[in-house]
Each structure stands twice: as structure tokens, then as C-alpha cells.
Amino acid sequence: IIDGSNVIGTNVAITNDIGIEIIQSSDGSEYIVWSWEHGVNNTANIARVKSNSTGKSDAWFSGLTGSGTLTKSVPHKLKVGPDGILYCTNGQYLASHDPSTSSGNTQAFNLGVGWVAVALENYGNYLAVLARHATTYLAGFTRANSRLYLWDGYSPDPNFVFEIGDYLPTALKLHEGKLFIFTQGRNNMTRVKLLSGNNIITVFESGGIGNSPKPTAVETYKGLLC
């Protein structure tokens, strides 16, 4: 039960590429964490507040040992991985925090030069990371690249890398044990793709939908992927 409210402030949420999660510290306290950007102060960070609405800290993540502020103008999606660690997309990297510690890491996982993480999802024992090439930040993302990474949370390199075959990936969703990928761009189509074994296959496409949905716009409702 959450009782209370917190004012984030003005000129903070300048993007819809932010996230929110719930974590539990080593002493059993439950916290709500959320990422944010601030256009005036030109910074990005992760805030934290206890679920009883006390102990709010706007710059919580950057104050952790070994941590720092996040990369500006990239998605900051949050996800508690299969290993219980909090992850945040941070441009070329994933940032991380182990709730049993007071440490943070802005470069816990490296996707490679030019790649930008856009969405996270749990897939079995792996953290699934959806990424686009940095050129997709331009107004015209034609002929850009997209990838899906599967990572076990501790290996120095991704365990699996899949080329998606579309210009702009936007969302991931696990539904009935299957990992679905939402993309757009090639041939002016919006697509739903599926990780099937070692292949990425297209299960649906349309030229009349418009933009592919962001992660927060995809959900399961009455047993259907919506």
C-alpha cells in the first residue's frame, strides 16, 4: 500500500523514455525507484523513495558508491533482472545496482560502440536488451540497425546477439513464455517479431498502424498481447 505523494518538480520529465520499478533493500525495506531527466540542470538520474513515502532522494543513484549520473538524451528504462539486480538502460551501456549493497555502476554491460539500449525484459535466466544503432536518433532512421541481446548478468560479453532486421526497435514483451519484439521502418511497416529458437521471425506487420509502441504501451490484457 502506497500512502502519500511526491512532487517530482518542474521541467523534469522531458521524455517518455523513463521508467519506474520496485526494489527491496537488504534490510527488507521496499523502495520505489524511477528514472528522470532535467532539461534545466542538463542531467539524468534515478530517484528513490520508500513505499511509505519517506526517505525520498532525487539523486539517489549518482550518490551510490562507484556510481554517477546517467547519460542524457537516451532511454532510461528500469528492470529488476532475473538475478534481482536493478538495471537501467544508459545509452551504450546498462547501469546497475545490487539492492543488497550501496554501490552503483553506470557501465555494468557494454552493448558496443554506437548502440543504444531502448527496452529491457526478463527471458528465463537472461536479461533481454533491445537496442538500436545510434543513427536512429536522427529524424530519418532509414537503413539503421537493431539488435536483441541476451545476457546472464555476469559474463563480460552478451551470451547471445540477434540481428532483428528492421530499422527502429521500440519495445519488448514476454507473453506466455515467448519474447515479442516491436519494430518499425523497413518498407514503411510496423512489425511484431518473435524470438523463435535462434531466429527472429515476423509474426505480424502493417503499413497502416503508424509508429511502433514504446515499452509502456505494450501489456497483457485478458490473455491477449495488446
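You'll find the structure just up there.
Residues numbered from 1 in each chain as written. Predicted model: local features only at pLDDT ≥ 70, side-chain atom pairs only at ≥ 80, totals over all residues. Heavy atoms only, no water.

**Student:** Describe in detail the overall build of the protein, supporting the description with residues and values.
**Tutor:** In terms of regular secondary structure, the protein is built from zero helices and 17 strands. Looking at the protein as a whole, 45% of its 226 residues are labelled buried. Across the protein, contacts joining residues at least 24 apart in sequence account for 45% of those joining residues at least 6 apart. Summed over its atoms, the accessible surface of the protein is roughly 11,200 Å², and 49% of this surface lies on carbon and sulfur atoms. (Helix = DSSP H or I, 4+ residues; strand = E, 2+ residues; numbered from the N terminus. Buried < 20%, exposed > 50% of the residue type's maximum accessible area, 1.4 Å probe, protein only. Contact = heavy atoms within 4.5 Å. Areas by Shrake-Rupley, 256 points an atom, 1.4 Å probe, with all protein chains shown as cover.)

**Student:** Just give me the short version of the pairing of strand S8 (residues 115–123), but keep the residues and values in it.
**Tutor:** Of all the nine residues making up S8, eight are buried; the element is thus mostly covered by neighbouring parts of the structure. As paired elements, S8 and strand S9 (residues 126–133) share eight bridges and run antiparallel to each other. Pairing of Asn-122 across the sheet is with Leu-127, part of S9. With antiparallel pairing between neighbouring strands as the criterion, S8 and S9 make up a hairpin whose turn holds two residues, including Gly-124 at a positive phi of roughly 65°. (Pairing = 2+ DSSP bridges.)

**Student:** Tell me about the sheet that holds strand S2 (residues 30–38), residues and numbers included.
**Tutor:** The strands making up a sheet are joined through hydrogen bonds of the backbone, oriented either antiparallel or parallel. Taking strand neighbours across the sheet as the criterion, the three strands line up as S1-S2-S3 in an open arrangement whose pairing is antiparallel. In this open sheet, the two edge strands, each paired with only one partner strand, are strand S1 (20–24) and strand S3 (43–50). Taken over all neighbouring pairs, the strand axes of this sheet differ in orientation by 30° on average, direction set aside. In this sheet, S3 lies alongside S2 in antiparallel orientation, the contact comprising eight bridges. From the neighbouring strand, Trp-34 faces S3, where its bridge partner is Ala-47. (Axes fitted to C-alpha atoms, helices over the stretch in contact; angles between N-to-C directions.)

**Student:** Residue-level account of the sheet that holds strand S11 (residues 160–163), with values.
**Tutor:** Judged by pairing direction, the sheet is antiparallel, and its four strands sit side by side in the order S8-S9-S10-S11 without closing on themselves. Unpaired on one side and paired on the other, S8 and S11 mark the two borders of the sheet. For this sheet, the mean inter-axis angle between neighbouring strands, taken without regard to orientation, is 20°. In this structure, S9 lies alongside strand S10 (residues 146–151), joined through six bridges in antiparallel fashion. What sits directly across from Ala-131, in S10, is Arg-147.

**Student:** Run through the pairing of strand S13 (residues 178–184), naming residues and quoting values.
**Tutor:** Of all seven residues in S13, six are buried; the element is thus mostly enclosed. For S13 and strand S14 (residues 190–196), the ladder comprises five bridges, and the chain directions are antiparallel. Bridged to Thr-183 within S14 is Arg-191. In sequence, S13 turns back onto S14 through a hairpin of five residues, with Gly-185 there showing a positive phi of about 125°.

**Student:** Explain the packing of aromatic side chains to me, and be specific about the residues and the numbers.
**Tutor:** Using the criterion set out here, one finds six aromatic pairs in the structure. Relative to Trp-151, the ring of Tyr-87 has its centre 5.7 Å away and its plane inclined at 70°; by these criteria the two rings are edge-to-face. Of this pair, Tyr-87 sits in strand S5 (residues 86–90) while Trp-151 sits in strand S10; the two residues are 64 residues apart in sequence, bridging distant segments of the chain. By the ring-pair criterion, three or more aromatic residues cluster together here, those being Tyr-87, Phe-109, Tyr-149 and Trp-151. Positioned above the aromatic ring of Tyr-31, the side-chain terminus of Arg-48 is 3.8 Å from the ring centre. (Phe/Tyr/Trp six-rings, centres within 6.5 Å; stacked < 30°, edge-to-face > 60°. Lys NZ or Arg CZ within 6 Å of the ring centre and 35° of its normal.)

**Student:** I'd like a description of the pattern of salt bridges, backed by residues and values.
**Tutor:** Applying the stated criterion to the full structure yields eight salt bridges. In this structure, Lys-72 engages Glu-37 in a salt bridge whose closest nitrogen and oxygen atoms are separated by 3.3 Å. Placement of the pair is Lys-72 in the loop between S3 and strand S4 (78–80) and Glu-37 in strand S2, with a sequence separation of 35 residues. The shortest N-O distance in the salt bridge between Lys-173 and Glu-219 comes to 3.1 Å. Placement of Lys-173 in strand S12 (residues 168–175) and of Glu-219 in the loop between strand S15 (199–206) and strand S16 (220–221) is noted, with a sequence separation of 46 residues between them. For Lys-173, a relative accessible area of 15% translates into the label buried. In this structure, a network of salt bridges that share partners links the residues Asp-166, Arg-191 and Glu-205. (Salt bridge = Lys/Arg side-chain N within 4 Å of Asp/Glu carboxyl O.)

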